[in-house]
Amino acid sequence: MHHHQNPRPTVAGMCAAAVGLAALAVTAGATPASAHGNASPTVVKTFTTMSATQDIAVLGNRFLFAAEAETGGLEPFISDGTPAGTTMLKDLVPGAGDSTPAEFTRVGSRVYFVATTLAAGRELWVTDGTAAGTSMVEDVLPGALGAAPGELTAFGDRLLFKASDGVHGAELWSSRGTAATTELVDDLTPGGSGSSVSGITAADGVAYFRAFSAGTGTELVRTDGTDGGTQFLDLVAGGSSSTPDQITHLSGGTVVFTASTFGAGRELWRSNGTPAGSVLVEDVTPGPDNSTITDLTRVGSKVFYAGTQPGKGRELFATAGTAATTAMVRDIAPGSSSTPADIVDVAGRAYFTAEAPGSGRELYTSNGTESGTVKVEEIGAGTDDGVVGPLVASGRFVAFGGDTAATGTEPWVSNGSAGGTDQVKDVVPGNQGSAQALVAVGNHVVYRTLVEGKPTLVAHDVQRWFTVDAATPKITKKTKGKLRAGSKLVAQAGSWEPGATLTFRWLRNGKPIAGATKTTYQVKKADRGKKIRVRVTGALAGHNSVERTSSATGKVTKG
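Note that this is a predicted model, so its numbers are computed, not measured. (Residues numbered from 1 in each chain as written. Predicted model: local features only at pLDDT ≥ 70, side-chain atom pairs only at ≥ 80, totals over all residues. Heavy atoms only, no water.)

1. Topic: the layout of surface pockets
Here comes step 1: Considering only enclosed or pocket space, the largest pocket measures out at about 660 Å³ in volume.
Here comes step 2: Contributing to the lining of the largest pocket are 13 residues, with Asp 55, Leu 296, Thr 297, Arg 298 and Val 344 lying nearest its centre.
Here comes step 3: Where the lining of the largest pocket is concerned, the elements lending two or more residues are strand 22 (294-299) and strand 30 (387-394).
Here comes step 4: Taken together, the residues of the lining of the largest pocket sort by class into eight nonpolar, three polar and two charged. (1 Å grid on protein atoms, 1.4 Å probe; cavity = no way out; pocket = protein on both sides within 12 Å on 5 of 7 lines; lining within 4 Å. Points joined across faces, edges and corners; volume = space filled by probe spheres on them. Helix = DSSP H or I, 4+ residues; strand = E, 2+ residues; numbered from the N terminus. Nonpolar A, V, L, I, M, F, W, Y, C, P; charged D, E, K, R; others polar.)

2. Section: the sheet that holds strand 28 (residues 361-366)
Here comes step 1: What the four strands build is an open sheet, ordered 26-27-28-29; its pairing is antiparallel. The open sheet has two free edges, formed respectively by strand 26 (341-346) and strand 29 (373-377), since each of these has just one partner strand. Looking at each pair of strands side by side, their axes are set apart by 30° on average, direction ignored.
Here comes step 2: Alignment of strand 26 against strand 27 (residues 349-355), held across four bridges, turns out to be antiparallel. Residue pairing for strand 27: Ala 341 is matched across the bridge by Thr 353. (Pairing = 2+ DSSP bridges. Axes fitted to C-alpha atoms, helices over the stretch in contact; angles between N-to-C directions.)

3. Things to note about the side chain of Thr 134
Here comes step 1: Locating Thr 134 in the fold gives a position in strand 9 (residues 134-138).
Here comes step 2: Relative accessible area serves as the criterion here: at 2%, Thr 134 is assigned to the buried category.
Here comes step 3: Within polar-contact distance, the side chain of Thr 134 engages the backbone oxygen of Thr 130 at 2.6 Å.
Here comes step 4: In this structure Thr 134 touches Leu 89, Lys 90, Leu 92, Phe 113, Trp 125, Val 126 and Thr 127, once residues within four positions along its chain are discounted. (Buried < 20%, exposed > 50% of the residue type's maximum accessible area, 1.4 Å probe, protein only. Polar contact = N/O pair within 3.5 Å; in protein donor to acceptor, adjacent residues only side chain to side chain. Contact = heavy atoms within 4.5 Å.)

4. Comments concerning the pairing of strand 30
Here comes step 1: Pairing between strand 30 and strand 31 (residues 397-404): five bridges, direction antiparallel. Within the sheet, the bridge partner assigned to Val 388 lies in strand 31 and is Gly 401.
Here comes step 2: Joining the antiparallel neighbours strand 30 and strand 31 is a turn of two residues, in which Gly 395 adopts a positive phi near 65°.

5. Points about empty space enclosed by the protein
Here comes step 1: According to the stated counting rule, one finds one cavity of 30 Å³ or more in the structure shown.
Here comes step 2: Within this model, the largest cavity holds a volume of roughly 40 Å³.
Here comes step 3: Lining the largest cavity are Glu 267, Leu 268, Glu 282, Val 284, Ser 291, Ile 293, Tyr 305, Gly 307, Thr 308 and Phe 317.
Here comes step 4: At the level of elements, strand 20 (265-271) and strand 23 (302-307) are the ones that each hand at least two residues to the lining of the largest cavity.
Here comes step 5: A class-by-class count of the residues in the lining of the largest cavity yields five nonpolar, three polar and two charged.

6. A look at the confidence of the model for the protein
Here comes step 1: Looking at the protein as a whole, its pLDDT mean stands at 91, while 92% of the residues score no less than 70.
Here comes step 2: Residue range residues 1-34 is modelled with pLDDT below 50. Its contacts to residues more than four positions away, or to other chains, number 74 contacts. (pLDDT = per-residue confidence, 0-100.)

7. Considerations on the packing of aromatic side chains
Here comes step 1: Applying the stated criterion across every chain yields a total of twelve aromatic pairs.
Here comes step 2: With 6.4 Å between their ring centres and 25° between their planes, Phe 113 and Trp 125 make a pair best called stacked. Linking Phe 113 in strand 7 (residues 110-117) with Trp 125 in strand 8 (residues 121-127), this pair joins segments that are twelve residues apart in sequence.
Here comes step 3: Each ring, one from Tyr 305 and one from Phe 317, has its centre 5.4 Å from the other, and the planes form 20°; the classification is stacked. (Phe/Tyr/Trp six-rings, centres within 6.5 Å; stacked < 30°, edge-to-face > 60°.)

Following this line, the structure appears as structure tokens:
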């Protein structure tokens, strides 16, 4: 099998004292000799404070997050995954004070977030990724208290959010990034008490959320972003509540969610935004008893989730929104529960963590069928947990924190096969590692770990790690004399990844020559006055294929 995994630490390494940042950048761990392109994690920056669970937004090849460095308080930072490209975006509360930014949410070419300043309190901000382009959108509630925006959600070219202007209570608002375009969508609960908006989810031109009204209780609401297009979908008639939760976009303008009704208990529901189209998908646990449903996640054309049914524990389910398409995918832990979690879409496949008998929490993948739901690799020994979430998709690969007794939790990557599931580096020598995957940006995944108790960002080029090692091919001429029609050319591929399948394509002035796909090529009359090259493509299961093209020959003589 093709492994990149590091050798286990030596006894001396395991006994080493906690390492500082300078030492970490130079000597921490060992880079495996087989690492593609010698790809190795880069230590980005150590912070004084950084949340492990905050919302992060990717803006092009950079990402925004909240952190506190050596100077200044908790402020917005921006990073491209390199030390030089990681800076405070803007010191919103100059000096040691905190603006405590959160809920970074990208809409088009800008990122919205909430932050607190002394003059305005907690309000909505927007940035284009520069300090000059970072500003408060509107002081919705003038004064030091602030409108306390939340539930920030991208909705086409707008942002939907909840806020309180001091008159209407916490209600649904909309903004296109300026004060003039920031407005209340609908006062669902007239007066100052608010409607407790939560769970805003965009779904192809419409959005859904949960809200309260005295006449309907806590129910599902559908909106197109206008007052007239906002409507309660009252699943339990009258003032009683169905309390919808985990609203998840399925396809088009349709969502699935959980809701509680008198006859069925809490089960899976579907809505297309109309009262008639808001229906129970299936009463999996018949009668008023609940099906315990969590972790709803859209993967490809389905929604995967962790659920229960009579006689089974908590296992992996999938649905396309109908009873016929809703079922347990696989009973991973018969007689108990595998408790799937951290479900993520990786190029249309579900990756998740689960526990099987005799095993701890490990990495699994599923294509939605029983036979296609498998454990990727046993990372932790015995019943020790081998995977620490969250899982972060990077193209068709996945990154996570992998935990072994020897190394602690360190950065790992996987291409979905045991042979391609590897620790990329023992960043903190010994068993003190505490890494977790944070965000994918460009070809890199950024992990968060602790160095001497301080949060530290580490970036790894996951795409290069899983790209076939390649060489530049050369052309040799096997016949004497000038390069002319009838001359025999041979392609020398060079040293490529072991196990890679190589294919050849000869080129005439850069264009493919019909039928010329062997390692040898006999020059033709049509090549006179043209230059010849050969292009080699290397493919290997679970890897990005690579093309390399040779230098050109001289022009084929016309003589």
